[in-house]
Amino acid sequence: MSIDMAQFHQVFFEESFEGLDIMESGLLNLDMGDVDSEVINTIFRAAHSIKGGSGTFGFSAVSDYTHVMETLLDEMRDGRRQVTQSAVDVLLGSVDCLREMLSAIQDENDIDEVGVAEHKKALEVELNGGQANSKTVAAEAADPVINEVSTTTGTNANGWKISFCPHADLLKTGNDPVRMFRELSELGDLEVIVDLQGVPQLFDLAPEECHLSWTLILKGDVQREEIDDIFDWVEDECDLSIQALNSGEEPLNTLQSEPSSVVDQAIPAASLAIENPVNSESKKDIPAVAKPAKAEEKKAKAAASTSIRVDTGKIDTLINMVGELVITQSMLSLVGEHFSPDKIDQLKNGLVQLERHTRELQESVMNIRMLPISFVFSRFPRLVHDLSSKLDKKIELKLVGEHTEVDKTVVELISDPLVHLVRNSLDHGIEMPADRIAAGKPEMGTITLEAYHRGGNIVIEVKDDGKGLNKDFLRNKAIEKGLLDPDAVLTDKQCYELIFMAGFSTAEKVTDVSGRGVGMDVVRRNIQSLGGNIEITSNLGFGSTISINLPLTLAILDGQSIAVGKETFIVPLGSIIESIKISDKMVNRVAGKGETFRLRDEYLPIIRIHDIFNVASAKATKLSEGLLVVVDGQGVRCGLFVDDLLGQQQVVIKSLEANYRRVEGVSSATILGDGSVALILDIPGLVRLSNQ
Amino acid sequence: MTQETDIQEEVEETKHSNSVQFLSFTLGEEEYGVDILSVQEIRSWEPVSRIPNVPSYEKGVVNLRGAIVPIIDLRERFNLQHSEYTNLTVVVVLQTILQGRSRTMGVVVDSVSDVNNVDAQLIQSAPDFGTKVSTEFISGLALVDERMLILLDVKKLLKLDGVDDAAKDDNDDES
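Keep in mind that what you see is a predicted model, and the values were worked out from it rather than measured.

**Student:** Lay out the overall build of chain B in plain terms, naming residues and giving numbers.
**Tutor:** Summing up its helical and strand segments, chain B has four helices and 10 strands in all. Across chain B, helices and strands are ordered from the amino to the carboxyl terminus as α-β-β-β-β-β-α-β-β-β-β-β-α-α. Looking at chain B as a whole, 27% of its 175 residues qualify as buried. Across chain B, contacts joining residues at least 24 apart in sequence account for 55% of those joining residues at least 6 apart.

**Student:** Mind laying out the overall build of chain A, listing which residues take part and the relevant values?
**Tutor:** Each helix and strand in chain A was counted, giving 23 helices and 22 strands. Among the 692 residues that make up chain A, the fraction classed as buried is 34%. A fraction of 70% describes how many contacts in chain A between residues 6 or more apart in sequence connect residues 24 or more apart.

**Student:** How would you summarise the packing of helix α16 (residues 380-391) of chain A against helix α17 (residues 408-429) of chain A if you had to cite specific residues and measurements?
**Tutor:** Residue and element names in this part refer to chain A. Direction vectors running N to C along α16 and α17 enclose 30°, while the axes themselves pass 11 Å from each other. Considering their axes alone, α16 and α17 lie roughly parallel with respect to each other. Here α16 and α17 pass one another in a crossing that is right-handed. Between α16, through Phe380, Leu383, Val384, Leu387, Ser388 and Leu391, and α17, the contact on the second element is made entirely by Val419, Val422, Arg423, Leu426 and Asp427. Here the residues of the contact of α16 with α17 sort into eight nonpolar, one polar and two charged.

**Student:** Could you give an account of the interface of chain A and chain B, with specific residues and numbers?
**Tutor:** Contacts between the two partners involve 18 residues from chain A, matched on the other side by 19 residues from chain B. Sorting the residues of the side of chain A that touches chain B by element identifies β21 (666-671) and β22 (677-681) of chain A as the ones contributing at least two each. Grouping the amino acids of the side of chain A that touches chain B by side-chain chemistry returns nine nonpolar, five polar and four charged.

**Student:** Please give an account of the sheet that holds strand β10 (residues 533-539) of chain A that cites residues and values.
**Tutor:** All names here are of chain A. Taken in spatial order, the five strands make up an open sheet running β6-β8-β9-β11-β10, and their pairing is mixed. In this open sheet, the two edge strands, each paired with only one partner strand, are β6 (395-400) and β10. Shown here is a sheet whose adjacent strand axes are inclined to one another by a mean of 15°, direction ignored. Two strands pair when backbone bridges link them, and strand β8 (residues 445-454) and strand β9 (residues 457-464) are joined in this way by eight bridges, in the antiparallel orientation. Bridging from a neighbouring strand, glutamate 450 pairs with glutamate 461 of β9. With respect to the sheet, α16 is in contact with β6 and β8, its orientation differing from that of β6 by roughly 165°.

**Student:** Can you explain the pairing of strand β2 (residues 30-35) of chain B? Please cite residues and give values.
**Tutor:** All names here are of chain B. Bridge count between strand β1 (residues 19-27) and β2: six bridges; the pairing is antiparallel. Within β2, the residue paired with phenylalanine 25 across the bridge is tyrosine 32. Two strands pair when backbone bridges link them, and β2 and strand β10 (residues 147-152) are joined in this way by two bridges, in the parallel orientation. The partner of tyrosine 32 across the bridge, within β10, is isoleucine 150.

**Student:** Let's hear about the confidence of the model for chain B: which residues, and what values?
**Tutor:** Residues and elements named next belong to chain B. When the pLDDT values of chain B are averaged, the result is 77; 78% of them are 70 or greater. Within chain B, the element-level pLDDT minimum falls on helix α4 (residues 165-174), averaging 39, and the maximum on strand β3 (residues 39-44), averaging 91. Across residues 162-175, where pLDDT falls below 50, the model places seven contacts with residues more than four positions away in sequence or in other chains. With a pTM of 0.49, the predicted complex shows an ipTM of 0.77.

**Student:** Lay out the nonpolar core with the relevant residues and their values.
**Tutor:** Within the largest apolar cluster, 67 residues are counted, with the highest numbers of intra-cluster contacts made by A:Phe569, A:Ile609, A:Leu640 and B:Val61. Dropping the residues within four chain positions of it, A:Phe569 is found in contact with A:Ile562, A:Val564, A:Ile609, A:Ala678, A:Leu679 and A:Leu681. In terms of nonpolar packing, the next biggest core, distinct from the first, is built from 37 residues, A:Val384, A:Val406, A:Leu418 and A:Val462 among them.

**Student:** Let's hear about helix α21 (residues 520-529) of chain A: which residues, and what values?
**Tutor:** Residues and elements named next belong to chain A. Of the residues making up α21, those classed as buried are Met520, Val523, Arg524 and Ile527. Here the buried residues of α21 occupy an arc of 95° about the axis, which is enough to place them on one side. Check the buried side of α21 and you find it contacts α17, β10 and β11 (543-551). One or two positions beyond α21, positive phi appears at glycine 531, with a value near 80°.

**Student:** Tell me what's going on with the pairing of strand β4 (residues 58-64) of chain B, and back it up with residues and numbers.
**Tutor:** All names here are of chain B. With five of seven residues buried, β4 is to be regarded as a mostly interior element. In terms of strand pairing, β4 meets strand β5 (residues 67-73) through six bridges, oriented antiparallel. Note that in β5 the partner of valine 61 across the bridge is proline 70. Following β4, the chain reverses through two residues before pairing antiparallel with β5; arginine 65 in that reversal takes a positive phi of roughly 45°.

**Student:** Give a description of the sheet that holds strand β9 (residues 138-144) of chain B that names residues and reports values.
**Tutor:** The strands making up a sheet associate through hydrogen bonds between their backbones, and the pairing can be parallel or antiparallel. Residues and elements named next belong to chain B. The strand order β8-β1-β2-β10-β9 describes an open sheet built from five strands, whose pairing is mixed. Two strands lie at the open edges of the sheet, namely β8 (111-119) and β9, each paired on one side alone. When strand polarity is set aside, the average angle formed by the axes of neighbouring strands in this sheet is 35°. As paired strands, β9 and β10 are joined by six bridges and run antiparallel to one another. Across the sheet, alanine 142 pairs through a bridge with leucine 149, a residue of β10.

**Student:** An account of the environment of A:Leu474 is requested, with residue identities and associated values reported.
**Tutor:** Along the polypeptide, A:Leu474 turns up in helix α19 (residues 471-480). Taking the C-alpha atoms as reference points, A:Leu474 and A:Cys495, separated by 21 residues in sequence, lie 6.8 Å from one another.

**Student:** Now, about the packing of α17(A) against α21(A): what can you tell me, with residues and values included?
**Tutor:** All names here are of chain A. At their nearest, the axes of α17 and α21 sit 10 Å apart, and the two run at 150° to each other. The angle between α17 and α21 places the two elements in the roughly antiparallel class. Every pair of crossing elements has a handedness; the one defined by α17 and α21 is left-handed. Seen from α17, the contacting residues are Leu413, Asp416, Pro417, His420 and Leu421; seen from α21, they are Val523, Asn526 and Ile527. Within the contact of α17 with α21, the residues separate by chemical class into five nonpolar, two polar and one charged.

**Student:** How would you sum up the confidence of the model for chain A? Please name residues and give values.
**Tutor:** All names here are of chain A. Overall, the predicted model of chain A reaches an average pLDDT of 75, with 82% of residues at or above 70. Taken as a whole, residues 130-157 scores under 50 in pLDDT and shows 54 contacts with residues more than four places along the chain or in a different chain. This model gives residues 247-304 a pLDDT under 50, and the stretch forms 109 contacts once residues within four places in sequence are excluded.

**Student:** Outline the environment of A:Thr621, supporting the account with residue identities and numerical values.
**Tutor:** Checked against the element boundaries, A:Thr621 lands in the loop between α22 (609-612) and β18 (627-633). In this structure the C-alpha to C-alpha distance between A:Thr621 and A:Phe641, which are 20 residues apart in sequence, comes to 9.1 Å.

**Student:** Give a detailed account of unusual backbone geometry, specifying residues and quantitative values.
**Tutor:** All names here are of chain A. Backbone geometry places aspartate 392, a non-glycine residue, at a positive phi of 60°. The class for aspartate 392 is exposed, based on 10 C-beta atoms found within 10 Å. For asparagine 614, which is not glycine, the phi dihedral falls at a positive 50°. Looking at the secondary structure, you find asparagine 614 in the loop between α22 and β18. Classification of asparagine 614 by C-beta neighbours within 10 Å gives exposed; the count is 11.

Rules of the game
- Residues numbered from 1 in each chain as written.
- Chains lettered and ligands numbered in written order.
- Predicted model: local features only at pLDDT ≥ 70, side-chain atom pairs only at ≥ 80, totals over all residues.
- Helix = DSSP H or I, 4+ residues; strand = E, 2+ residues; numbered from the N terminus.
- Buried ≥ 20, exposed ≤ 12 C-beta atoms within 10 Å, placed from the backbone.
- Contact = placed C-beta atoms within 7 Å.
- Axes fitted to C-alpha atoms, helices over the stretch in contact; angles between N-to-C directions.
- Parallel < 35°, antiparallel > 145°, perpendicular 65-115°, else oblique.
- Left-handed = near helix turned anticlockwise from the far one by under 90°.
- Nonpolar A, V, L, I, M, F, W, Y, C, P; charged D, E, K, R; others polar.
- Pairing = 2+ DSSP bridges.
- pLDDT = per-residue confidence, 0-100.
- Core = buried A, V, L, I, M, F, W, Y, C linked by C-beta atoms within 7 Å.
- Arc of directions from axis to C-beta.

The structure is reproduced here in structure tokens:
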């Protein structure tokens, strides 16, 4: 009898990825001086079960590779080998490599044989005692991030990698990148990868500014001086980094390049460099930078089938609840079978019980979708470890409230924005150690990630004890960039909010960690699309706190039902500011058509729901007959003109797109108590619709 | 006895010849058929929740055991004269896999008539009427008891205009 092993693959992959996470956090927790044998045991066990599993399923590449790791770990476990930083780095690199291999197998792609082989060699070198120089090679291989710092001026390099990020005013000084590239191409085989990330929306585009940046790969026997000559004129108007092209940097290039651009992966065979594995961690960690198309593909594939691990305790509660429900149901049917008026009390009691059980059941089903936030937090120690060594900063990461539970969807969607915020804190918030000592602060900076519940919301805070935000600096920068009117009067809060504007970057230097000015606006948009909001408080010289406020679950929404004619719509309660009755006198017309009204010194547009949704049965057509619901949708305020308010209720969100399609002005639908369908309004969409 | 042999014959027929079963329904004088495997259920008409700013043949959405399902009026979709909905008006709930996920949609028809076995080899392709008559939803014509059955392509029927562009690619793959 043959068993179809494929059905177990998914479980194997999930377990293996979990094992890799355990190995990673174990490796990061290893204290060089005083090694805890229990930690090594944990790492060893994880490696061992991956090896066992992959052997069973016939993924020999994975099991062979893990075997080498296991041997190394085994020696450490027995105390035959000293735990050194370089060994840990190699192991960390191997974890990334394994993760890459596993996801390649999962997506039925080919494994990057070359990378794996090189990596395995590094491991074996480490295993065989490791001479001093091979160790450094291995360490470099293990950590692509550190690797970038190494720059050689040697002439024996077989090419150069130039990352060229001109400042916005480069073109005004009469320099033309195209001409420079042409000159470069005369020196050797040139490949140009353009990064379009910085390009603003067409509306915001200033044609005289340069928003592009490039990664150039120049192959051939070229002297560094020749390249320097070409960039001589623009050196002060751009951020330039020139690195010898070890093939080791190649995968990193791929990461940062445009998804569509094809990067020539050919590595000169002569070079003895070690190819880095495409670090899956860092891939996820660069939300602002375009990912290669392949990575996106992978993500899409992974999204197709997801599963969730549920605590057995939760399932037990659920089963208890269902038991209670069954009892109530049988009690009710007994009452119904021989019903007489004197049993009305019994019936009422039963219905009360039924209501309670239904509500509890609903809560515990919701609870199943809840995951501890540590699923998101757990990746940050590695991120901070890698980045702080890259930036030469000393940073301690504190995680608080890791067990706070949030909806699975929130967990999935919050992770990229959080990574961005933490990177920002690392790069801009925390000062260099020397500056910190000068400011009288401890050398070691602290970043705190904290999650807790407040009301029906979850709050996630990213706190740092760095230099804080400088209000005047932000203000000036915004004026300089033309994003703010010089005469504008801003409150502190408004000042901080400037950093959420598209195209706003205060970093004096654009690094590949952050500073391109894309990102914070994306972060805010992502969080708002989850129905949350983001706030900044800052104390100059003492650090900043960014707090994200998110609804606990995305499946249920507090709504206000409104009536327009015979139809019922739901407005998210969170977006309603107030509801008022207005008279014709308060209304002004703009260009004879657009209606506005004045609310406390602010003119707000009126959107007539019956108009834009063509509701024929609307009762109120004169503004004085109906009500105006003042709403705020992602910063845009307006008044929705409706017939009447019906009531507040919690509604279960149902997708319209599952069987139908997206409808402008409507975010989703819900089912009302009488079984009919009501549409949930999407305020920003309504505003767009009424502007058309 | 004879009945039994009849049934047996019928079973034989379905087994051996390449016959496909179609659910037939009427729209005015015309008789249409859809592959029975794509029919999920048949319901009576009940009021829908209107969706704003969509073509008039997209009547709205209903709650079908917790799922939001759109209802399409086939008469209007095919530019036939609209008729009033009565208690006898029927909604055929169709289901198919589009772009890797299952989609459900209800179509309003005048009445459901029969389930017909049609030999796959006897299905003719739809004649070309030029631009006068749109044949985009028609997968073929079949003769059943001297009546013409217009066979509909459920996948194309369920793909609403402008749903998304990905649908187009999908379509290309299929054709």
